[in-house]
Amino acid sequence: MHGDPMMWIAGVRALYLQALHPRAVRGVLQNSDIRRDAWGRLLRTADFVGTITYGSTLEAERAAARVRAIHRRLTATDPDTGERYAVNEPGLLLWVHCAEIDSCLDTGRRSGFPLTDAQADAYVDEQRTAARLVGLDPAEHGIPADREQLAAYFEKVRPELAVTDEAFEVFAFLQAPPVPWALVPVRYAVWHRVTALAYAALPPFAQAMYGCPAPPVATATRRLRMAGRALRAVPGYLRWQLPPGHIPKAVGRLGPGTHPSAYRLR
């Protein structure tokens, strides 16, 4: 599923969702150059996900070790209390993980990626390895192992969520990220559609918190399916050439018969 083109929409949905946790979003904005290097940060995130998905075990472990080392050095400050806290607190890592997994799964299935309920549960379970790689203990930190546990996590964490100034800053950034002036028309024609679709794909509680109008769930799902059909019409061998290019590397390592295919799911 991570090779599906709708995962770019899922990634933007995850950013909208992750920004609703005050401590998590402050940890990002107080330690990141996202305002000046937005596209670089997005590509580095995509590179990490691609590495732990399609890289060798050694490549995945090395990439994760670099991320953990960076997180260990970072702290953030709560402007309301003055408290300093580590950005690698298990609760924050768990929030980022669950928001990402929920976004991938929800966007993929609603856009027509063919997963049964059992396969969706298996996806949530296998992503606990990704959580371990960034520093969470699957046994100790309550990482969801299926869709039911994932839904229960979101119910539990809801009281911690809020729309802060930082959340609106991320919201505004996603609506209009900085680009050279010559690319402003492209941003409006392409990126605006991506962010609008990602926002429409958010769970209703997140849309209500942001307060921005959103289409009904059925309308959003229909738009996701239309986008999924259009993007999947582009041959995979063309789509996979886009950065960061992990799929062609994996095919080269494992052989041409291993290319990603939804139809090979058991």
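Overview of the structure. Remember, it's a predicted structure, so these values are computed and weren't measured experimentally. (Residues numbered from 1 in each chain as written. Predicted model: local features only at pLDDT ≥ 70, side-chain atom pairs only at ≥ 80, totals over all residues. Heavy atoms only, no water.)

1. Remarks on the overall build of the protein chain
Quick reminder of the rule: Strands are runs of DSSP state E lasting at least two residues, helices are runs of H or I lasting at least four, and both sets are numbered from the N terminus onward. Radius of gyration: C-alpha atoms only; globule rule: 2.2 Å multiplied by the number of residues to the exponent 0.38. Exposed residues in this analysis have more than 50% of their type's maximum accessible area, buried residues have under 20%, and partly exposed residues fall in between, with area computed by a 1.4 Å probe over protein chains only. The criterion used for residue contact is that any of the two residues' heavy atoms lie within 4.5 Å. Surface accessibility in these figures is a Shrake-Rupley result with a 1.4 Å probe; residues are shielded only by whichever protein chains are displayed.
Each helix and strand in the protein chain was counted, giving 14 helices and two strands. For a compact globule of 266 residues, the expected C-alpha radius of gyration is about 18 Å, and the protein chain comes in at 18 Å, within 12% of that figure. For the protein chain, the spread of C-alpha atoms along the three principal axes comes to 55 × 40 × 40 Å. Burial statistics for the protein chain: of 266 residues in total, 43% are counted as buried. Here the analysis covers contacts within the protein chain between residues at least 6 apart in sequence; of these, 70% occur between residues at least 24 apart. When the accessible area of the protein chain is evaluated, it comes to approximately 14,300 Å², of which 59% is carbon and sulfur surface.

2. Some points on the packing of aromatic side chains
Counted only if it meets this: Think of it this way: a Phe, Tyr or Trp ring, Trp meaning its six-membered ring, pairs with another when their centres are within 6.5 Å, and the plane angle makes it stacked under 30 degrees, edge-to-face over 60, tilted otherwise.
On inspection of all chains with the given rule, the structure shows nine aromatic pairs. Both rings, one in Y153 and one in F154, keep their centres 5.6 Å apart while their planes meet at 70°; by these two values the pair is edge-to-face. Pair check on accessibility: Y153 and F154 agree, each one buried. Taken together through their ring pairs, the aromatic side chains of Y16, F168, F171, Y199 and Y210 make up a single cluster.

3. Brief notes about a nonpolar patch on the surface
The test is simple: Within the patch definition used here, like charges are joined within 9 Å and nonpolar side chains (Val, Leu, Ile, Met, Phe, Trp, Tyr) within 5 Å, considering only residues with over 30% relative accessible area and no salt bridge. A pairing counts as a salt bridge when a side-chain nitrogen of Lys or Arg comes within 4 Å of a carboxyl oxygen of Asp or Glu.
Residues L183, V186 and V190 make up a contiguous nonpolar surface patch of roughly 250 Å² in combined accessible area. Structurally, V190 is set in helix α10 (residues 184–200). Residue V190 is classed as partly exposed on the basis of its relative accessible area of 48%.

4. A look at the state of the cysteines
Operational definition: Any cysteine sulfur atom paired with another within 2.5 Å is treated as part of a disulfide.
Tallying each qualifying case throughout the model produces zero disulfides. Its sulfur unpaired, C98 is 12 Å from the next cysteine sulfur, which belongs to C104. Its relative accessible area of 9% is what places C104 among the buried residues.

5. Quick word on the packing of helix α9 (residues 165–175) against α10
What counts is decided by this rule: For every element, the axis is a line fit to its C-alpha atoms; helices are fit only across the contacting stretch, and the angle between N-to-C directions ranges from 0 to 180 degrees. Roughly parallel means an angle under 35 degrees; roughly antiparallel, over 145; roughly perpendicular, 65 to 115; everything else is oblique. Each residue gets one label: Ala, Val, Leu, Ile, Met, Phe, Trp, Tyr, Cys and Pro are nonpolar, Asp, Glu, Lys and Arg are charged, and the others, such as Gly, are polar.
Two numbers describe how α9 lies on α10: the axes approach to 9 Å, and their chain directions differ by 135°. Between α9 and α10, the interaxial angle falls into the category oblique. Contacts from F171, L174 and Q175 in α9 reach W191, T195 and Y199 in α10. Residues belonging to the contact of α9 with α10 are distributed by class as follows: four nonpolar, two polar and no charged.

6. A word on the environment of T107
Our working rule: For the purposes of these results, a polar contact is taken to be a pair of N or O atoms within 3.5 Å, where, inside protein, one atom must be able to donate a hydrogen and its partner to accept one; residues adjacent in sequence count only when each atom of the pair is a side-chain atom.
Along the chain, the position of T107 falls in helix α5 (residues 90–110). Judged by its relative accessible area of 0%, T107 is buried. Taking the C-alpha atoms as reference points, T107 and V194, 87 residues apart in sequence, are found 12 Å from one another. Apart from residues no more than four positions distant in its own chain, T107 is found in contact with M6, I9, A10, R13, A201 and L224. A polar contact of 2.8 Å, which involves the side chain of T107, links it to the backbone oxygen of S103.

7. So, the nonpolar core
Cut-off, in case you're wondering: What is meant by a nonpolar core is a set of buried Ala, Val, Leu, Ile, Met, Phe, Trp, Tyr and Cys residues, joined one to another through side-chain atoms within 4.5 Å.
Membership of the largest hydrophobic core comes to 56 residues, with the highest contact counts inside it found for M1, Y16, L17, W95, F154 and Y210. Of the residues forming this core, the biggest block, nine residues, is contributed by α5. Beyond its immediate stretch of four places on either side in the chain, Y16 contacts F171, L174, Q175, T195, A198, Y199, L202 and Y210. One finds A60, A63, A64 and L133 within the second-largest nonpolar core, a separate group that totals six residues.

Read these as geometric descriptors, not functional statements.
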